[in-house]
Amino acid sequence: MEAVLAKSFGIDINRKSFNRRFRSLFGMSFYVANIVALKIDEPVIAPYFLLALHFLKNYSPENVMSTVFNLDEKTVRKWIRIYVRIISQLSAISFDDRYENSPRGTSIFVSVDGVDCPFKETSRPVDPSYCSHKLKRSALRYEVGVALYAPRICWVAGGVPAGRYTDINIARENRGLI
C-alpha cells in the first residue's frame, strides 16, 4: 500500500504530515486502514481498496475519482462496488475487546450509555414515541458500550424510538447487556 501511496498521491510515509494527509484522503489513519485490509479474507488490491476508502470519505463523482486515480469510470464504479460491499460486511465491533489492556483483577470492563441520534421524521403529525428528551426532536436511541481500558466500542444495541425506550429498557429488552 505504501508504494501505491507514493506513486499515485506523492505521499511519503516517512514525513510527519503523512498521517494527517492520509486521514484527509481516506477518512482513517494508515494504521486503521491496514487493520481493515487485514480483516478482508480475499487478497486486497491496494489501489482499488484505497479508491473505495476515498469514495466512502468524500463521495466524489465517478468522473472526479477516475481523474484522481487515473482510471476509467467503469473501473472506478466496479471496484468501489466490490470493496464497499466487502467493507460493509466486516464485523468491526467485538465484545471481547472489553478485556484489552485491562489490569489483572479488574471486574468492570465497559461503560454503557444511551445515545440519541436525530433524524428527520417524514410522517405528520410527529410520532411522540420518537421524541427525544435530550434533543427535543425525533431520534433513535442506541445503547453504546465503550471499553474502559482501550479506545474501543465493544457493544451497540438499539436503534429504537427514543421517546418510547429509556436506556435501561434497551439494556433489558432489545438484545441489551442486562
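Above this text sits the structure in question.
Values in this document were obtained by computation on a predicted structure and should not be read as measured data.

S.K.: Would you take a moment to explain the side chain of Asp-97 for this structure?
M.R.: Mapped onto the fold, Asp-97 is located in the loop between helix H6 (73-88) and strand S1 (110-118). No salt bridge is formed by the buried Asp-97, whose closest oppositely charged neighbour, Arg-152, lies at an N-O distance of 4.0 Å.

S.K.: When you look at a nonpolar patch on the surface in this model, what are you seeing that I'm missing?
M.R.: Residues Ile-93, Val-146, Ile-153 and Val-156 make up a contiguous nonpolar surface patch of about 290 Å² in total accessible area. By the secondary structure assignment, Val-156 is in strand S4 (residues 153-161). Exposure remark for Val-156: the relative accessible area of 39% places this residue in the partly exposed category.

S.K.: Even after reading the chapter, I still don't get the packing of helix H5 (residues 62-69) against H6, so can you show me in this structure?
M.R.: When two helices pack together, you describe them by how their axes are tilted relative to each other and by the distance separating the axes. For the pair H5 and H6, the least separation of the axes is 9 Å and the interaxial angle reads 100°. Compared by their axis directions, H5 and H6 come out roughly perpendicular. Residues Glu-62, Asn-63, Met-65 and Ser-66 of H5 form the contact with H6, whose participating residues are Glu-73, Val-76, Arg-77 and Ile-80. Classifying every residue of the contact of H5 with H6 gives three nonpolar, two polar and three charged.

S.K.: How do you make sense of the pattern of salt bridges when you look at a structure like this?
M.R.: Oppositely charged side chains can pair when the atoms bearing their charge come close. Tallied over the full model, the rule gives five salt bridges. For the salt bridge of Arg-98 with Asp-96, the shortest nitrogen-to-oxygen distance reads 4.0 Å. Judged by relative accessible area, Asp-96 falls into the exposed class, the value being 53%. When the shortest N-O distance is used, the salt bridge between Arg-152 and Glu-100 registers 3.3 Å. Taken together, the residues span a long stretch of sequence, with Arg-152 in the loop between strand S3 (137-147) and S4 and Glu-100 in the loop between H6 and S1 at a distance of 52 residues.

S.K.: Sorry if this is basic, but what is going on with the nonpolar core here?
M.R.: Across soluble globular proteins, you tend to see nonpolar side chains buried next to one another. One finds Phe-22, Phe-49, Leu-51, Leu-53 and Tyr-83 to be the most contacted residues of the largest nonpolar core, which totals 23 residues. Within the residue set of this core, elements represented by two or more residues are helix H2 (18-26), helix H3 (30-39), helix H4 (46-58), H5 and H6.

S.K.: Can you help me understand unusual backbone geometry in this one?
M.R.: Negative phi values dominate among residues other than glycine, just as trans dominates among peptide bonds. We note that Asn-70 has phi near 55°; this positive angle belongs to a residue other than glycine. In this fold, Asn-70 is placed in the loop between H5 and H6. Its relative accessible area of 70% is what places Asn-70 among the exposed residues. One non-glycine residue, Asn-101, adopts positive backbone phi at about 65°. Counting through the fold element by element, Asn-101 comes out in the loop between H6 and S1. Assessed through its relative accessible area of 57%, Asn-101 is described here as exposed.

S.K.: Can you help me understand the environment of Phe-119 in this one?
M.R.: With respect to the helices and strands, Phe-119 occurs in the loop between S1 and strand S2 (131-132). For the pair formed by Phe-119 and Tyr-130, sequence separation is 11 residues and the distance between their alpha carbons is 9.5 Å. Once you skip the residues sitting within four places of it in the chain, Phe-119 turns out to touch Tyr-130, Arg-137, Ser-138, Ala-139 and Leu-140.

Definitions and limits used
- Residues numbered from 1 in each chain as written.
- Predicted model: local features only at pLDDT ≥ 70, side-chain atom pairs only at ≥ 80, totals over all residues.
- Heavy atoms only, no water.
- Helix = DSSP H or I, 4+ residues; strand = E, 2+ residues; numbered from the N terminus.
- Buried < 20%, exposed > 50% of the residue type's maximum accessible area, 1.4 Å probe, protein only.
- Lys, Arg positive; Asp, Glu negative; His and termini not counted.
- Salt bridge = Lys/Arg side-chain N within 4 Å of Asp/Glu carboxyl O.
- Patch = residues over 30% accessible without salt bridge, like charges linked within 9 Å, V, L, I, M, F, W, Y side chains within 5 Å.
- Areas by Shrake-Rupley, 256 points an atom, 1.4 Å probe, with all protein chains shown as cover.
- Axes fitted to C-alpha atoms, helices over the stretch in contact; angles between N-to-C directions.
- Parallel < 35°, antiparallel > 145°, perpendicular 65-115°, else oblique.
- Contact = heavy atoms within 4.5 Å.
- Nonpolar A, V, L, I, M, F, W, Y, C, P; charged D, E, K, R; others polar.
- Core = buried A, V, L, I, M, F, W, Y, C linked by side-chain atoms within 4.5 Å.

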